[in-house]
Amino acid sequence: MVEVYLTGQTYWTGQAQHDPQELPGMKQDLGIKSEILVPLNVDAERRGVLLVSSSTSHCFTTHDLPFLEAVTHWVGVVLHRAELVEQHTREATEQAKRLAAEEILTVMAHDLHNYLTPLKGRLDLLKRRARREMQETYVRELQAVDLIVLRLNGLISNLLDVSRLKQGLFSLQRQPIDLVELVEDLVPIWRTSEHAIEIQAPEQLILIADRDRLAQVIENLLSNATTYAEPNTPIHVTLTQEQRMDGLWAILTVSNRGPAIPPEQLESMFQPFVKGAHSQGLGLGLWVSQRIAQAHQGMITVRTEAGTMKRFILSLPLQGFSP
């Protein structure tokens with residue numbers, strides 16, 4: 001039986017009692033003399049062996065072997081169909097759960113956005129008053145609160161974008177922008193006393209893109225980097241140009257040191273609602289960011305080096321511009 005399973009070759013004998021490789025329990029205890037063993041395949045994958053035996057010598061004829069092979073094939077087909085039905089049912093159930101969750105979260109995001117806008121306005125007023133009265137302690141505290149509000153606003157934007165992407169309402173307002181200038185505008189917002197953010201970039205990097213959407217991507221990458229970086233370690237942001245077979249590309253790399261990413265998470269981290277064990281978000285930021293990058297004919301990739309070094313790489317084509 002093991003040999004049939006490993007080789008996939010059918011075995012047929014009418015004198016099993018004389019086969020030295022047959023188990024004594026089969027020959028002596030059960031008195032098996034004739035047997036046919038056929039490999040059982042399910043969707044081209046060997047799953048087992050089908051055995052028919054008899055205590056009569058030379059019990060089976062030449063017609064029994066093709067009949068048993070046909071029965072074994074039929075069993076494999078039935079098993080495969082059952083597995084497909086089970087898989088389809090499981091996927092349909094998961095899809096229904098995701099749709100329900102997305103609908104609830106979208107409604108919540110709209111409600112939260114209505115409260116967040118006046119809150120942001122009040123914070124801006126308090127910061128201006130603190131600066132005017134030279135209350136530096138309050139200015140620093142309000143900046144910390146402002147960063148929390150910024151993260152919350154990014155979360156709400158991701159939730160709303162899930163709905164827009166699903167409904168096909170996601171659009172881009174393309175115009176020439178300087179990617180270096182955009183990065184330099186955003187980095188100070190995410191720079192903290194615990195995590196300095198160092199920029200290495202050329203003087204200018206012009207491309208055709210939606211400035212607000214790219215800002216959303218960069219903020220997501222910076223937010224992830226500062227959230228998961230080891231304490232008191234810097235974040236590195238690098239901007240370069242790269243000549244490829246299909247033209248010139250802008251490459252933005254955000255690097256940080258932090259907990260290693262498990263291999264199984266690397267394969268699914270750009271899927272919606274997929275998040276790490278220590279994540280406090282909903283697992284939407286990277287998925288939305290990847291969709292925005294793809295809408296610009298670009299993409300985001302991730303590389304891990306030396307265990308703790310992670311590099312998130314945003315690649316965008318420089319359409320119509322030369323270095």
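Small disclaimer: the values here were computed from a predicted structure and weren't measured. (Residues numbered from 1 in each chain as written. Predicted model: local features only at pLDDT ≥ 70, side-chain atom pairs only at ≥ 80, totals over all residues. Heavy atoms only, no water.)

Engineer: Is there a simple way to think about helix α5 (residues 179–190) in this case?
Structural biologist: Working note: α-helix, 3.6 residues per turn, so residues spaced by three or four point in the same direction. End to end, α5 covers 17 Å across 12 residues, agreeing with the expected 16 Å (1.5 Å per residue, within 8%). Along α5, the residues classified as buried are Leu-179, Val-180, Leu-182, Val-183, Leu-186, Val-187 and Trp-190. Axial view of α5: buried residues confined to an arc of 150°, hence all on one face. For α5, the side-chain oxygen to backbone nitrogen distance between the N-cap and Val-180 is 3.1 Å, and the N-cap itself is Asp-178. (Helix = DSSP H or I, 4+ residues; strand = E, 2+ residues; numbered from the N terminus. Expected span 1.5 Å × (residues − 1). Buried < 20%, exposed > 50% of the residue type's maximum accessible area, 1.4 Å probe, protein only. Arc of directions from axis to C-beta. Polar contact = N/O pair within 3.5 Å; in protein donor to acceptor, adjacent residues only side chain to side chain.)

Engineer: How do you make sense of the sheet that holds strand β3 (residues 45–54) when you look at a structure like this?
Structural biologist: Picture the strands of a sheet paired through backbone hydrogen bonds; they go either parallel or antiparallel. Strand order in the open sheet formed by 3 strands is β1-β2-β3, and the pairing between neighbours is antiparallel. Strand pairing shows two members of the sheet lacking a second neighbour, β1 (11–13) and β3, which therefore form its edges. Averaged over all adjacent pairs, the angle separating strand axes in this sheet is 15°, with direction ignored. Here 9 bridges tie strand β2 (residues 34–42) to β3, and the two strands are oriented antiparallel to one another. Bridge pairing links Pro-39 to Val-49 in β3. (Pairing = 2+ DSSP bridges. Axes fitted to C-alpha atoms, helices over the stretch in contact; angles between N-to-C directions.)

Engineer: Help me understand the pairing of strand β7 (residues 235–244) in this model?
Structural biologist: Two faces belong to every sheet, and in a regular strand the side chains alternate between them. With 4 bridges connecting them, strand β5 (residues 197–200) and β7 associate as parallel partners. In the sheet register, Glu-198 faces β7, and the bridge partner there is His-236. Here β7 runs beside strand β8 (residues 247–257); their pairing, made up of 9 bridges, is antiparallel. Each bridged residue has a counterpart across the sheet, and for Arg-244 the counterpart in β8 is Gly-247. Here β7 folds back onto β8 in antiparallel fashion, the turn holding 2 residues.

Engineer: Even after reading the chapter, I still don't get the sheet that holds β8, so can you show me in this structure?
Structural biologist: What the 5 strands build is an open sheet, ordered β5-β7-β8-β10-β9; its pairing is mixed. The two strands at the open ends of the sheet, each matched to only one other strand, are β5 and β9 (299–305). Looking at each pair of strands side by side, their axes are set apart by 20° on average, direction ignored. In terms of strand pairing, β8 meets strand β10 (residues 309–317) through 9 bridges, oriented antiparallel. Counted as the bridge partner of Leu-252 is Leu-314 from β10. Helix-sheet contacts for helix α8 (residues 285–295) involve β9 and β10, and the interaxial angle to β9 is about 125°. (Contact = heavy atoms within 4.5 Å.)

Engineer: Can you help me understand the pattern of salt bridges in this one?
Structural biologist: Two side chains with opposite charge may pair up if their charged atoms get near one another. Counted under the stated rule, the structure contains 6 salt bridges. Glu-86 serves as the salt-bridge partner of Arg-90, at 3.9 Å between the closest nitrogen and oxygen. Of this pair, Arg-90 and Glu-86 are both found in helix α3 (residues 64–132), 4 residues apart, which corresponds to roughly one turn of the helix. Its relative accessible area of 45% is what places Arg-90 among the partly exposed residues. Taking the shortest distance from any N to any O, the salt bridge between Lys-127 and Asp-124 comes out at 3.8 Å. With Lys-127 and Asp-124 both in helix α3 and 3 residues apart, the pair spans about one turn of that helix. Taking the relative accessible area as the measure of exposure, Asp-124 reaches 24% and is therefore partly exposed. A cluster of three or more residues bridged by salt bridges with shared partners is formed by Glu-45, Arg-47 and Glu-83. (Salt bridge = Lys/Arg side-chain N within 4 Å of Asp/Glu carboxyl O.)

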